[in-house]
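# Per-entry structural report
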Amino acid sequence: MAKNKRQKQAGQPKQEKESLTLADQLGGDVLAKLKEAKQSLAAEEQKKEEERTARLAFERKQREKNMSFEELFEKYGDQGSKY
């Protein structure tokens, strides 16, 4: 019986150690570095997306610029005003 009580008491600190979160285990400095890296990756991804949309808009304008009058008329039709 005495052994069972000792085993139960010895098992409790293990459970407390296991319940620690990842942030608790890593420490403040490492966690701050991870958050900073995450923010920089998100900013880089946003910058790439903006560049891609700008490039697509430029390419669309260039294609339209190089269209003939007939192609433009087929695409947009007679949408002009009466005046």
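Here the structure is a predicted model, which means the values were calculated and not measured.

### Focus: the pattern of salt bridges
Counted under the stated rule, the structure contains three salt bridges. A salt bridge links Glu 59 to Arg 55; the nearest nitrogen and oxygen atoms lie 3.7 Å apart. On the criterion of helical spacing, the pair formed by Glu 59 and Arg 55 is a turn pair, its members being four residues apart in helix 3 (residues 28-65).

### Details of a nonpolar patch on the surface
The grouping of Leu 22, Leu 26, Val 30 and Leu 34 at the surface amounts to a nonpolar patch, some 350 Å² of accessible area in total. Counting only elements with at least two residues in the nonpolar patch, the list comes to helix 2 (22-26) and helix 3. Locating Leu 22 in the fold gives a position in helix 2.

### Observations regarding the confidence of the model for the protein
When pLDDT is averaged along the protein, the result is 79; 72% of the residues meet or exceed 70. No element of the protein has a lower mean pLDDT than helix 1 (residues 2-18), which averages 55, and none a higher one than helix 3, which averages 93.

### Quick notes on the packing of aromatic side chains
Summed over the entire model, instances satisfying the criterion amount to one aromatic pair. Centroid distance Phe 69 to Phe 73: 6.2 Å. Interplanar angle 20 degrees. Geometry classified as stacked. Taken together, the residues span about one helical turn, with Phe 69 and Phe 73 both in helix 4 (residues 69-76) at a distance of four residues. We classify Phe 69 as exposed; its relative accessible area is 68%.

### Examining a positive patch on the surface
Where like charges cluster on the molecular surface, the positive patch consists of Arg 60, Lys 61, Arg 63 and Lys 75. Per-element accounting of the positive patch gives the leading share, three residues, to helix 3.

Criteria and thresholds
Residues numbered from 1 in each chain as written. Predicted model: local features only at pLDDT ≥ 70, side-chain atom pairs only at ≥ 80, totals over all residues. Heavy atoms only, no water. Salt bridge = Lys/Arg side-chain N within 4 Å of Asp/Glu carboxyl O. Helix = DSSP H or I, 4+ residues; strand = E, 2+ residues; numbered from the N terminus. Patch = residues over 30% accessible without salt bridge, like charges linked within 9 Å, V, L, I, M, F, W, Y side chains within 5 Å. Areas by Shrake-Rupley, 256 points an atom, 1.4 Å probe, with all protein chains shown as cover. pLDDT = per-residue confidence, 0-100. Phe/Tyr/Trp six-rings, centres within 6.5 Å; stacked < 30°, edge-to-face > 60°. Buried < 20%, exposed > 50% of the residue type's maximum accessible area, 1.4 Å probe, protein only. Lys, Arg positive; Asp, Glu negative; His and termini not counted. Charge placed at Lys NZ, Arg CZ, Asp CG, Glu CD.

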